[in-house]
There are 2 protein chains.
Amino acid sequence: MNLKPLLKYALGREKCDTLFTNATFANLCTMELETADIAVKDGVIIGIGEGYEAGEIIDCTGTLLVPGFIEGHTHIESTYMTPRNAAAAMVAYGTTTAMPDPHEIANTCGVEGVRFMKRESENLPVDFYYGAPSCVPASPFETPFQEIRADEIKKLFEDGTCSHLGEMMNFPGVCFGDDDTWDKLNVSRDKVITGHSPRVVGKELCAYLLGGVTSDHERETKEEAFEAIRRGMFLMIRQCATGRNLKTLAPLLIEHPWIAARCITVSDDLFPEFMRERGELDGCLRELIEVGVSPFTALRTITLSPAEYFRLYDRGIIAPCKIADIVMLDNFRNCKVLKVWKRGKLVAENGAAVEKITRSIFSELPGFMGKDVKTPTSEELRIVAPDKSAKINVIGMTNGQIITKTLCVEPNIKEGLVCADVRRDIAKMVVVEKNRGTGKFSVGFIKGFGLKRGAFALSVAHDAHNFTCVGIDDESMAAALAELARMHGGIVVADGEKILASLELPVGGLMSLLPIDELCKKFSELRAAYGSLGCENGFAFMQLSFMSLSVIPELKLTDKGYVDISDGGIKPLFVAR
Amino acid sequence: MNLKPLLKYALGREKCDTLFTNATFANLCTMELETADIAVKDGVIIGIGEGYEAGEIIDCTGTLLVPGFIEGHTHIESTYMTPRNAAAAMVAYGTTTAMPDPHEIANTCGVEGVRFMKRESENLPVDFYYGAPSCVPASPFETPFQEIRADEIKKLFEDGTCSHLGEMMNFPGVCFGDDDTWDKLNVSRDKVITGHSPRVVGKELCAYLLGGVTSDHERETKEEAFEAIRRGMFLMIRQCATGRNLKTLAPLLIEHPWIAARCITVSDDLFPEFMRERGELDGCLRELIEVGVSPFTALRTITLSPAEYFRLYDRGIIAPCKIADIVMLDNFRNCKVLKVWKRGKLVAENGAAVEKITRSIFSELPGFMGKDVKTPTSEELRIVAPDKSAKINVIGMTNGQIITKTLCVEPNIKEGLVCADVRRDIAKMVVVEKNRGTGKFSVGFIKGFGLKRGAFALSVAHDAHNFTCVGIDDESMAAALAELARMHGGIVVADGEKILASLELPVGGLMSLLPIDELCKKFSELRAAYGSLGCENGFAFMQLSFMSLSVIPELKLTDKGYVDISDGGIKPLFVAR
């Protein structure tokens, strides 16, 4: 952008667009509060000081201006919203830039899904810079829409769809020199490469770093986090519903304030209800300050530090020549977002986006959207007990965690069929391949949902996101799956043939077209519906969505059957005595 | 560079090249001292920790390792050495990367001169990343080899000769929208644009920033420096023989330690004798610590901060995946450089480069090198007094400064010729155009050198670097200029026809082929020679080299005659009464 036409405004010779007067703002360069007038023209901060005039005057007395927040690692799909609705929700909390990793849509719709996300992100109040998906498929034991290799990643960079490499989860592949993984690293060498390396320390961390990975959001202990920083990584402190590391890691910012220059606070998986409950990065800022981090140190981790890390030279501070992304807070105690400006335009106030977000262009989405998946009938779901006596493998859920145990139990046999067993809290589980439309399915059993009858199903199932269903009887399960197919993805609760509640997730089987508040209402209905079937786990869907995640041990069920990655891969349902 | 082959070394499975054991090193990420083993393979730090083996073991007990220093703003031409000899001198003081601005050679040899510098910089112990010359010519009142416009700058970026835009001195051109200047800014928009804006504050600073300029090394007061930082600039604290700002600006680093993340300490003009006297960035580090800046804060400004500013992601800290540029100091009190490693190779110890630097390829240099300049004879230098009585304009030097005054005095007329006047300390001054080989010359008078007889001449004369001479008699001046032409540039002291001392500067008329110590010896001889002629100014050559600098007021003499940029440009020698 040629800023030459803005010179006369910077020199105060002509009236600019907007002038923030009596503006006390956080200067992240000097780490001090400064009070001055801030002049904006054509979305750019063109002057700070006295003597500017403007068409619109905004008196900032009694408030605190800070740079627009930069969300350094998140997944839009986890909001269950399209980029448009997600942006509307996020901007109300002060986020004006985000670096989403489109890993989920890449699994269900391939690179065209990623391009769709980018197209959907134009002209929004939040600038989305996408990471190229680095790990699709997550393992050979599940079926994504397509495998994404280095050459596709290169194209995503070249056509401007992606700006950096998304979280490199395949740390064994990096450390031990897997060719495909290194091809991806090498095509990303002049980009920022973001990481994911829980518990990788010592020599393996050094090897992982040789891959060019420069950040990590999976450090859960102070020791691991500090080691990552010491070895040159940018630490991403994550605070989301499923990974709350802020209180554990914040003391590092107190003990070593300088690491704020190498530290980014992120939301990762942003669930709508969690956002409504405590905000987004504004919530992180508040929580960091509450536990004793200095306000400037805390603020740097969601503004200047992510800007520096992601090489976004036009933002992160309030200064001339930077884009006018400005958040008005009440103060550093409440960190309440009063108003938000994106490129000088008021985009949010009173906790809501100012402009109605236009409808998504999701019908363009290729891949899954066009495919009709044939789901199994109740007859097809039946499992005939083998002639010979055998035990069955069952997924043993651990309360609130995504790690599971392998249970080997006596089957519950009725009329020659292996059935769920309410008495022992064992439900039946089905995964139906949907990304390639084959309808192939696998059946297993899972313990721990507390379900007494009926079934629930969803199309969000990490990482390949096939149709996944748990239930007590085959009729309910077949009905839930059929409804899921009819909706082209979503969440369904069924009791027999009756659909008790449902939410359509037509965009890649992952995202709704609803805005955040309607979505939260839907989640309440769904929770009430499965609650009426006996399941009291408030996060039952989220927990089920991780029961196909083959990269986390022990037993999981994917479209290819039972998988235990820690024990050689595919596992049988029946265990011969 | 594909680092995959280094994995086995990082994992400790094979012996690496070099292991620094018991290494106490400055960790700039955490701002603390850390003690560990540092393993290097193929010039890259591949591991930090225990349990590595190596072919070469370096016991670092009792020393302090820091990252190789990064010189954020310098002019190689000011060292009077070629890049090869300059690198040999600089590396002994711990500098392993430098960002030279080849402004001087660009004036005398054009873009091919810049390309020559880059070619001369291959395989040296210091990585030189050149700025593209942004201001050639410095003004319309002097004659460089060629004008360098935006399209040439673009080519210098495209062919890899330059990495950033050199100091944008034309701040009025930036602030007030000069088209040529903005063309240069706009072709540099995705690069780092370095600045030069002394005393530009307030609205004009805001306008200057819109040009995309992000640093400045010309801030001389705390207030101006702090304003630059506040408005988002990287402050370059300069400490060189002609601009010593360190003590003035260092208090900012004490009062606001966080600005170290936006602050770079630089040497700018590096004179050989100044280097021999107090070192280079090692001297800056020592001086910063002496005045009370914390060692880590000080160190950051010559390592990580310049690496971040110049987007050199592979250096600036001691960490895996970074190049093994390592300086061994005795401690933070003396900051004595004991040894230096570049990409893992020992390149300096005991204050000297380890390897003999190979001879320069300067014969390749186009432009001036091939041209023979006809210099004026003593007869041609004569100035006939006009028929009508008139006063003459004389350059009034201010002690040790580059700013001058315009003096209007009675001429000293002998035998109908206007002559120098020893009694009033007025010498004659001549500038001969050499860059385009025209030999056109201009004559004036200058007060303040203390010269009693003879003449001295040099081919270093900012910014166009034409042949410049001061003297008492025309014979001495003609002899000095003729010798300068014979040598294709240099420094000459003459008494009548006798050459008392000389130094050849054949490379662009700016650089010698001698290494630093021989050069310092030559300077002593030259100083003794002009001292014998009555001039006691230890910096007489340097001072003369600024007497053609047309961008600094008041009166200067260029090949086009007297110039006063603050008063409309060209000025006459004779002033009618």
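For the structure itself, consult the block above.
All of these numbers come straight from a predicted model, not from anything done at the bench.

**Here's the deal with the relation of the copies chain A and chain B**
- Expressed as a screw operation, the relation of chain A to chain B combines 0.0 Å of axial shift with a rotation of 180°, fitting to an RMSD of 0.1 Å. The superposition operator between the copies reduces to a two-fold rotation axis.
- Mapped onto chain B, 100% of the interface residues of chain A again fall at the interface, so both copies present the same surface.

**Regarding the packing of aromatic side chains**
- Tallying each qualifying case throughout the model produces 21 aromatic pairs over all chains.
- Ring centres of Y80 of chain A and F523 of chain A lie 5.0 Å apart, and the angle between their planes is 65°; on these two criteria the pair is classed as edge-to-face. Pair noted here: Y80 of chain A is in the loop between β6 (69–75) and α2 (83–91) and F523 of chain A is in helix α16 (residues 516–531), with a separation of 443 residues, a long-range link. There is no split in this pair, since Y80 of chain A and F523 of chain A are both buried.
- Residues F296 of chain B and F332 of chain B carry aromatic rings whose centres are separated by 5.8 Å and whose planes lie at 70° to one another, so their mutual orientation is edge-to-face. Here the residue F296 of chain B occupies a position in helix α12 (residues 295–300), and F332 of chain B occupies one in the loop between β17 (326–329) and β18 (337–342), the gap between them amounting to 36 residues.
- A residue is classified by how much of its surface remains accessible, and F296 of chain B, at 15% relative accessible area, is buried.
- Relative accessible area serves as the criterion here: at 13%, F332 of chain B is assigned to the buried category.
- Taken together, the ring pairs connect F449, F456, Y530 and F541 of chain A into an aromatic cluster.
- One Lys or Arg, K203 of chain A, reaches over the ring of Y52 of chain B and ends 4.9 Å from the middle of that ring.

**Here's the deal with the interface of chain A and chain B**
- On the side of chain B, 61 residues touch chain A, which itself brings 61 residues to the contact.
- The junction of chain A with chain B conceals about 5,000 Å² of combined surface from both sides, 62% of it contributed by carbon and sulfur atoms.
- Here chain A and chain B share 10 salt bridges between them.
- E308 of chain B is the salt-bridge partner of R262 of chain A, the closest N and O atoms lying 3.6 Å from each other.
- Remark: the boundary between chain A and chain B carries 17 residue pairs in polar contact (both at pLDDT 80 or more).
- In terms of residues, the side of chain A that touches chain B owes the most to one element, helix α7 (residues 202–210) of chain A, which gives 6 residues.

**Things to note about the sheet that holds strand β32 (residues 561–564) of chain A**
Residue and element names in this part refer to chain A.
- Taken in spatial order, the 3 strands make up an open sheet running β31-β32-β33, and their pairing is antiparallel. At either end of the open sheet lies a strand with only one pairing partner, and these are β31 (555–558) and β33 (569–571). Averaged over neighbouring strand pairs, the angle between their axes works out to 45° when direction is ignored.

Basis of the calculations
Starting afresh in each chain, residues are numbered from 1 along the sequence in its written order. Naming scheme: in the order in which they are written, chains are lettered from A and ligands are numbered from 1. Side-chain atom pairs in this predicted model are given and counted only at pLDDT of 80 or more, local residue features only at pLDDT of at least 70, and totals for whole chains, interfaces and linings cover all residues. Water and hydrogen atoms were dropped before computing side-chain values, which therefore reflect all heavy atoms in the structure. A least-squares superposition brings the copies together, and it is based on the C-alpha atoms of residues with pLDDT no lower than 70 in both. For this analysis, residues touch if any pair of their heavy atoms sits within 4.5 Å. Each aromatic pair joins two rings of Phe, Tyr and Trp (for Trp, the six-membered one) with centres within 6.5 Å, and gets the label stacked for planes under 30 degrees apart, edge-to-face for over 60, and tilted for any other angle. Numbering goes from the N terminus for both helices and strands, where a helix is a DSSP run of H or I of at least four residues and a strand is a run of E of at least two. Relative accessibility decides the category of a residue: with a 1.4 Å probe and only protein chains considered, values under 20% of the type maximum give buried, values over 50% give exposed, and everything between is partly exposed. Geometrically, a lysine NZ or arginine CZ counts as sitting over a ring once it is within 6 Å of the ring centre and also within 35 degrees of the ring normal. The term buried area means the drop in 1.4 Å probe accessible area that two parts suffer when joined, counted for both and summed. Here, a salt bridge means any Lys or Arg side-chain nitrogen found within 4 Å of an Asp or Glu carboxyl oxygen. Polar contact is defined as a pair of N or O atoms within 3.5 Å, subject to the rule that within protein one atom must be able to donate a hydrogen and the other to accept it, and that residues adjacent in sequence are counted only when both atoms are side-chain atoms. When DSSP finds two or more bridges between two strands, those strands count as paired. For helices, the fitted axis covers only the stretch in contact; all axes are lines through C-alpha atoms, and the angles between them, taken along N-to-C directions, range from 0 to 180 degrees.

Keep in mind that these numbers describe shape and distance, not what the molecule does.
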